[in-house]
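# Inside the fold
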Amino acid sequence: MDKGKAVMGSGRRWAVDFTDNSTAPSSREFPDPPGFSRASQDQDESTVTKQKKDAEANWKAQKAWEVAQAPFKNLLMMGFMMWMAGSTVHLFSIGITFSALWQPISALQGVGKVFEPYKDGKIDLLGPKLLFIALNLGGLALGVWKLNTLGLLPTHASDWVSSLPPAQEVEYSGGGIPLH
C-alpha cells in the first residue's frame, strides 16, 4: 500500500482492508475460547421468539401484581387522612370519608379495564384480581368504619325511633270528683 493512496478507490487517506485474502488455514481450525459456543449463535429463531414471549409474559405477570398491590398504598394514605380529619362531623371529615368510600367503589367497577393490558393466554390473572378486589374491599371497610366513628351510621335503636309506631298506653288516669 502506497503512502497517501486510497484503498479500493474510496478517497480516504487512512483505511484498512479487513478482507482475508491469505492462504493461511481457516480460523475454524482454532478451538473456541472457554465459555464460547457456536451453537448459541446458531439458535433457531423459534427458540429466540419463544424466549421473548416468555420474557414478555413474565413482565406482564409482574406488572399485573404491581397493579394489584397499588390499592394498599391508597389504603394507608386514606387511613392517615381519616385519622388527621378527626372524629367530629365537619365538611373536611365528611369529604375525606366519602372520598374513601367512592374510590374503592369506582375501582371495583373497573377491575376488568384495569387488568385489560395484561391479558395473555399464558398469564393467570385470577390471583392479582382477587388481591385487587380484597384491598379495595378493605378500603371500603375503612370508609364504613369512619362513617361509624363519625356517628353517621344508624347503629343504635334511637336512630330508628321515627319509624316505630307510638307506644300503646298501658294505663290512664281520669279525673275524680270535680271541685266547684
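By the naming in an unreviewed UniProt entry, the protein chain is ER membrane protein complex subunit 4, taken from Hevea brasiliensis. UniProt lists a comment for the protein chain under the heading Sequence similarities (unreviewed entry), and it reads "Belongs to the EMC4 family."

## Focus: the environment of Gly112
With respect to the secondary-structure elements, Gly112 resides in helix H4 (residues 111-114). The exposure class of Gly112 is partly exposed, given its relative accessible area of 39%. Through-space distance from the C-alpha of Gly112 to that of Lys129 is 8.7 Å; in sequence the pair is 17 residues apart.

## What to know about the confidence of the model for the protein chain
Close inspection of predicted coordinates is inappropriate in any region flagged by low pLDDT. Mean pLDDT over the protein chain stands at 82; residues scoring 70 or higher make up 83%. Mean pLDDT values for the elements of the protein chain range from 58 in helix H1 (residues 38-41) up to 94 in helix H5 (residues 126-150).

## Notes on H5
Relative to the 36 Å expected for 25 residues at 1.5 Å per residue, H5 spans 36 Å between its end C-alpha atoms, a close match to the ideal helical length. Of the positions making up H5, those classed as buried are Pro128, Phe132, Leu135, Asn136, Gly139, Gly143, Lys146, Leu147 and Leu150. Just downstream of H5 lies Gly151, where phi reads positive at about 80°.

Conventions used here
- Residues numbered from 1 in each chain as written.
- Predicted model: local features only at pLDDT ≥ 70, side-chain atom pairs only at ≥ 80, totals over all residues.
- Heavy atoms only, no water.
- UniProt positions renumbered as here; feature names shortened; annotations may be inferred.
- Helix = DSSP H or I, 4+ residues; strand = E, 2+ residues; numbered from the N terminus.
- Buried < 20%, exposed > 50% of the residue type's maximum accessible area, 1.4 Å probe, protein only.
- pLDDT = per-residue confidence, 0-100.
- Expected span 1.5 Å × (residues − 1).

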